[in-house]
Amino acid sequence: MIYNKLLISFFLISFSAESIYFFLLYFFIPLIVLFVILIIFSLLYTRYSADKNEHNLEVIENDTNSFLTDLIFSDYTSIEMKEKISAFKKQYKLNANLKKYILNKIIHIKENLNETNEHTILLIYKYFGFDEISNRLINSSSWYSKSQALYQYQNIGYKIKTGYVKKLLDSKNSSLRSNAIIALISLSDEKFDVLDNYKYNISKADEVKILDIIYRKKSTVPKNINNWLQSKNDSIVIIAIKLIVRFRYKHDISLEQIAYLLTSENYKVRKEAILAVRELVMFEANDILMQHFKTETNLRNKISIIKTLNTIGTTENITFLSILLKKEENLELDLKLEIVNFINKTNASFFNSYTFEDETKNIELQKMIAHSNCPYLN
Amino acid sequence: MITLESIVKSSELFFGWYSLFYILVYIILAVSSFLEIKKYYINKYFLHKDVIIKSNNALGVSIIAPAFNEGFTIISNVKSLLSQEYPRFEVIIVNDGSTDDTLEKLISEFSLVKVDFFYIEKIITQPVKGHYRSTNPIYNKLLVVDKENGKSKADASNAGINSSKYSLFICTDVDCILRRDTTAMLVKPFIESEKKVIAAGAALRISNSCTFKEGMLYESHYPDNFFARFQELEYIRSFVFGRMAWSKLNGLLLVSGGLGIFDKDTVIEVGGYWHKSLGEDLELVTRMRKLMHEKKIDFEIKYIPESLCWTEVPSDGEVFLRQRVRWARGLIQTLFLHRKLFFNPKYKNTGLIVFPYYVFCEFVVPILEVVGLIFIFLDLFFFGINIPFLVIISVAVYCFYILITLISIFLDQMIHKQYSNLKEVAKLIVMVFIEPFIYHPINIYASLKGYLHFFLQKEKKWGVMSRKGFKTAN
């Protein structure tokens, strides 16, 4: 009771007009004014110094670019290179921003020019002392710093650090774990074999990054790619199919495997299997695809099957699909258009004698045929 | 008996508590915004945009831009849209029954021919007269849809959605200039997030005084027009501050009509943009959120703190007022239409946090400001107000307002380093101090007028936005 009374008194005193007045006058307003002054000052000062240094920075950046180009594309010995870098470091005070600029520039050159010598890039990286920076970053406690180090190792191709990277594969932080597996795939000589025993989920972003490595870097299909196709991790299965397609290793995927993949509960796996049939031009998978078409529930996959038939289909498919056009009253228009397109492309005269009882459907069919025949739409 | 004096005194208490609540909300938003921006920059290199740009497996994106009487700028704008650095995209220009030479200019410049496009009307629109494709392979990513005027951007956008072939679409205005990596940047949240992303957006900037070269931003300047200056300030506060905070709280109810990317299937499932809406972007996102909650799908709407789009804003009072009246009317229309969401636990954070925020901190604010003023005058003339207290409270509110705007500008300058020199930054800072006295009352007037038009069911008018076009650098 007393406690409640005390609380109410405190409340009334705290929120009385007088106390609010003094709170605002002596605390709230001065504090905000202080913040306002600080923000204005830092806004103007930051901009003033940025403008002041802009010209100098531009000159230094141009010099740096010329210097790096000279280093990368000339045949200097490692001793000459070391001396040149050391002279450059003496000439320009390398602050954090300039170091970041140089490192990013080196990475940019390596990523965008195929003709760069990996050994030269590594030497430049080391002689500038960037390996020490990367070391500090990878040993720091912040996952973000570790990720930065991984980014640098991966893009410079600093294979010697693979051991450090492996340690991060079991990190509790999913972003760091993801960055580690990507860096490891990129750095490891076995490339994709490192995914063999990877137990964590591979995100969509990881998939994109792995595919980037698949398409950009020289690598071979993993020895046990067949085991990957049986993996319980759908992402691994998808990557396996993409690898097979990328390297055109048609013999690594059998008809049985295609049939098996098409039974997957994950529509994305089924989609990849359909795409594989198309990309690898597997004529022999025609029957399997047609069987699967009847049970496929995903509209986009159904459309994808028809698109695949454009590559591997024959006139034999027409009978089934033309019956389907008449039988299925509520066939989605996107799918219908794709079917008409396939039939029209396979047998241009087929629709000459094909009509519906319903005239509106005939008009619709004619519009679809016109769409299919338009050279600017296909 | 309740006297006028007791009402006035009670209202003082109400306004006091309301102000405290409002300040608390903004402090929460400020912290959330800061955390979200920090998170964005920490994760920026998790999936580098270059990986997406070079990818052979990139998600396909249709860029839809409705055009109504845009003959003045249409060619340069379409070229700008076509210069996106992205592997799989198409540009769909919807000519919404223009009465000028928009279509003729497009046909002539891009060598367009009418094609037998099989148009599937998944969302009902005004009749489509035809589709045009270029005979020049350089422009094979361009599709022009010619339709009858639907008196709304919504109808034109829907026709674009119906004609699109990819599963994601970007909705923009044809007068918007996009950064070359806009598509890649907007697609990122769809790849990075573990949840289903249904929409994403990014910051819009004002193009009025900027210089453009080959369809790209060349120099950024602080606008020299009276209305544009304040709108710049407002855009910064809204995008850097408000949207980022709501992105952190996964409570975005608005993805700007100027630039937004959407999951096409979800948009079609909710029936597309509503052509009768005066705030079609707000209304669409509200419906999409509703659908996700009803289907119990874990979803996200993301915002990224990058300036990816430059748009021309009204530079004369009449057009500005008309736009703001329409926005205010759009807000009340959407809130009224979806009132079922209000404090409805079925709609989780949309019903319990976002919708109430829009009601209490967006919709009612102009009304309360006017009512507050009336009470102050009543107090002043009849009941003897404590003038020192009134002054202190007003100064406190003013300072807080200034602080919030300055924090937004500070974050914006740290991220983007906009404007070509220090003088322009100084001008922007000066505007912060005068905005509450000049620009804010105009906005309040427009909002109240919009609400009134809604209640009176006045016929909606879109009016014509007179374009000045862009300054181009040689």
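Sequence positions are assigned chain by chain, starting from 1 and proceeding in written order. Chains carry letters from A onward and ligands carry numbers from 1 onward, assigned in written order. The model is predicted, so local features are restricted to residues of pLDDT at least 70 and side-chain atom pairs to those at 80 or more, both for listing and for counting; the totals for chains, interfaces and linings are taken over all residues. In computing side-chain values, all of the structure's heavy atoms are included and hydrogens and water are not.

1. What about the overall build of chain A?
- Numbering of helices and strands starts at the N terminus; helices are DSSP runs of H or I of at least 4 residues and strands are runs of E of at least 2. A count of helical and extended segments in chain A gives 19 helices and zero strands.
- It is over C-alpha atoms that the radius of gyration is taken, and the globule rule equals 2.2 Å times the number of residues to the power 0.38. The C-alpha atoms of chain A give 32 Å as radius of gyration, which overshoots the globular expectation for 378 residues (21 Å, by more than 25%).
- With the principal axes as the frame, chain A shows a C-alpha extent of 90 × 85 × 45 Å.
- Buried residues are those whose accessible area, probed at 1.4 Å on protein chains only, stays under 20% of the maximum for their type, while exposed residues exceed 50% and partly exposed ones sit between those limits. Across the 378 residues in chain A, those meeting the buried criterion constitute 46%.
- In this analysis, two residues are considered to be in contact whenever any of their non-hydrogen atoms come within 4.5 Å of each other. Pairs at least 24 residues apart make up 65% of the contacts formed inside chain A by residues separated by at least 6 positions.

2. As for the overall build of chain B
- Counting its secondary structure elements, chain B contains 13 helices and 13 strands.
- In terms of overall dimensions, chain B is globule-like: its C-alpha atoms have a radius of gyration of 23 Å, near the 23 Å expected for 474 residues.
- Expressed as lengths along the three principal axes of its C-alpha atoms, the size of chain B is roughly 80 × 50 × 45 Å.
- A fraction of 80% describes how many contacts in chain B between residues 6 or more apart in sequence connect residues 24 or more apart.
- Note on areas: Shrake-Rupley with a 1.4 Å probe; residue coverage comes only from the protein chains shown. Total accessible area on chain B stands at roughly 19500 Å², and carbon and sulfur atoms take up 62% of it.
- Just so you know, the count uses Lys and Arg for positive and Asp and Glu for negative, and it drops His and the chain ends. Here the site of a charge means NZ on Lys, CZ on Arg, CG on Asp, or CD on Glu. Charge centroids of chain B, computed over 55 positive and 47 negative side chains, lie 3 Å from each other.

3. A closer look at a nonpolar patch on the surface
Residues and elements named next belong to chain B.
- Patch membership requires over 30% relative accessible area and the absence of a salt bridge. Like charges are linked within 9 Å, and nonpolar side chains (Val, Leu, Ile, Met, Phe, Trp, Tyr) within 5 Å. Any Lys or Arg side-chain nitrogen located within 4 Å of an Asp or Glu carboxyl oxygen qualifies as a salt bridge. On the surface, Leu13, Trp17, Leu20, Leu24, Ile27, Val31, Phe34 and Leu35 cluster together into a nonpolar patch covering about 760 Å² of accessible area.
- Within the fold, leucine 24 resides in helix 1 (residues 4-42).
- Note on leucine 24: relative accessible area 49%, which makes it partly exposed.

4. Topic: the environment of glutamate 232 of chain B
All names here are of chain B.
- Tracing the sequence through the fold places glutamate 232 in helix 7 (residues 226-248).
- On the basis of relative accessible area, glutamate 232 is assigned to the buried category, the value being 3%.
- Sequence spacing of glutamate 232 and lysine 348 is 116 residues, and the spatial spacing of their C-alpha atoms is 34 Å.
- Ignoring anything within four residues of it in the chain, the contact list for glutamate 232 reads Arg205, Ile206, Tyr222, Pro223, Tyr419 and Leu428.

5. Description of a positive patch on the surface
- Together, Lys204, Lys268, Lys271 and Lys307 of chain A together with Arg88 and Lys165 of chain B line one region of the surface with positive charge.
- Position of lysine 268 of chain A relative to the elements: it lies in helix 14 (residues 267-279).

6. Description of the sheet that holds strand 4 (residues 128-134) of chain B
All names here are of chain B.
- Read across the sheet, 10 strands follow the order 3-4-5-2-1-6-11-8-12-7 without closing on themselves; strand pairing throughout is mixed. Every other strand in the sheet has two partners, leaving strand 3 (112-115) and strand 7 (177-178) as the edge strands with one partner each.
- Whenever a helix is involved, its axis is fitted only over the stretch in contact; in every case the axis is a line through C-alpha atoms, and angles between N-to-C directions fall within 0 to 180 degrees. Docked against the sheet, helix 3 (residues 74-82) engages strand 1 (61-67), strand 2 (89-96), strand 5 (142-147), strand 6 (168-172) and strand 7, running at close to 155° with respect to strand 2.
- Its contacts with the sheet place helix 12 (residues 387-416) against strand 8 (196-206) and strand 12 (299-311), and it is angled at close to 75° to strand 12. At least two bridges found by DSSP between two strands are what make those strands a pair.

7. Some details on unusual backbone geometry
- In this model, valine 281 of chain A sits at a positive phi of 45°, which is unusual for a non-glycine residue.
- In this fold, valine 281 of chain A is placed in the loop between helix 14 and helix 15 (286-295).
- Here the phi dihedral of lysine 348 of chain B falls at roughly 40°; this positive angle occurs in a residue that is not glycine.
- On the secondary structure map, lysine 348 of chain B appears in helix 11 (residues 348-383).
- The class of lysine 348 of chain B is exposed, set by a relative accessible area of 55%.

8. Focus on helix 12 of chain B
- In a helix, the anticipated span is given by 1.5 Å times the number of residues less one. Here helix 12 of chain B spans 43 Å end to end across 30 residues, near enough to the 44 Å set by a 1.5 Å rise per residue.
- Backbone geometry just after helix 12 of chain B places lysine 417 of chain B at a positive phi near 45°.

9. Remarks on the nonpolar core
- Nine residue types can take part in a nonpolar core, namely buried Ala, Val, Leu, Ile, Met, Phe, Trp, Tyr and Cys, and a core is a set of them joined through side-chain atoms within 4.5 Å. Counting 156 residues, the largest nonpolar core has Ile93 and Phe262 of chain B as the members making the most contacts within it.
- Among the nonpolar cores identified, the runner-up in size contains 102 residues, and Leu137, Leu289, Ile305 and Leu365 of chain A belong to it.

10. With respect to the packing of aromatic side chains
- Stacked, tilted and edge-to-face are the three classes applied to pairs of Phe, Tyr and Trp rings, where Trp contributes its six-membered ring and a pair requires centres within 6.5 Å; stacked means planes under 30 degrees apart, edge-to-face means over 60, and tilted covers the rest. Summed over the entire model, instances satisfying the criterion amount to 50 aromatic pairs over all chains.
- Ring geometry for phenylalanine 377 of chain B versus phenylalanine 381 of chain B: centroids 6.2 Å apart, planes at 15°, classification stacked. Placement of both phenylalanine 377 of chain B and phenylalanine 381 of chain B in helix 11 is noted, with a separation of four residues, approximately one turn of the helix.
- Taken together, the ring pairs connect Phe67, Phe88, Tyr92, Tyr125, Phe128, Phe130, Tyr153 and Tyr158 of chain A into an aromatic cluster.
- For a ring to carry a charge above it, either NZ of a lysine or CZ of an arginine must fall within 6 Å of the ring centroid while also lying within 35 degrees of the normal to the ring plane. The aromatic ring of tyrosine 164 of chain A is capped on one face by lysine 167 of chain A, whose charged end is 5.0 Å from the ring centroid.

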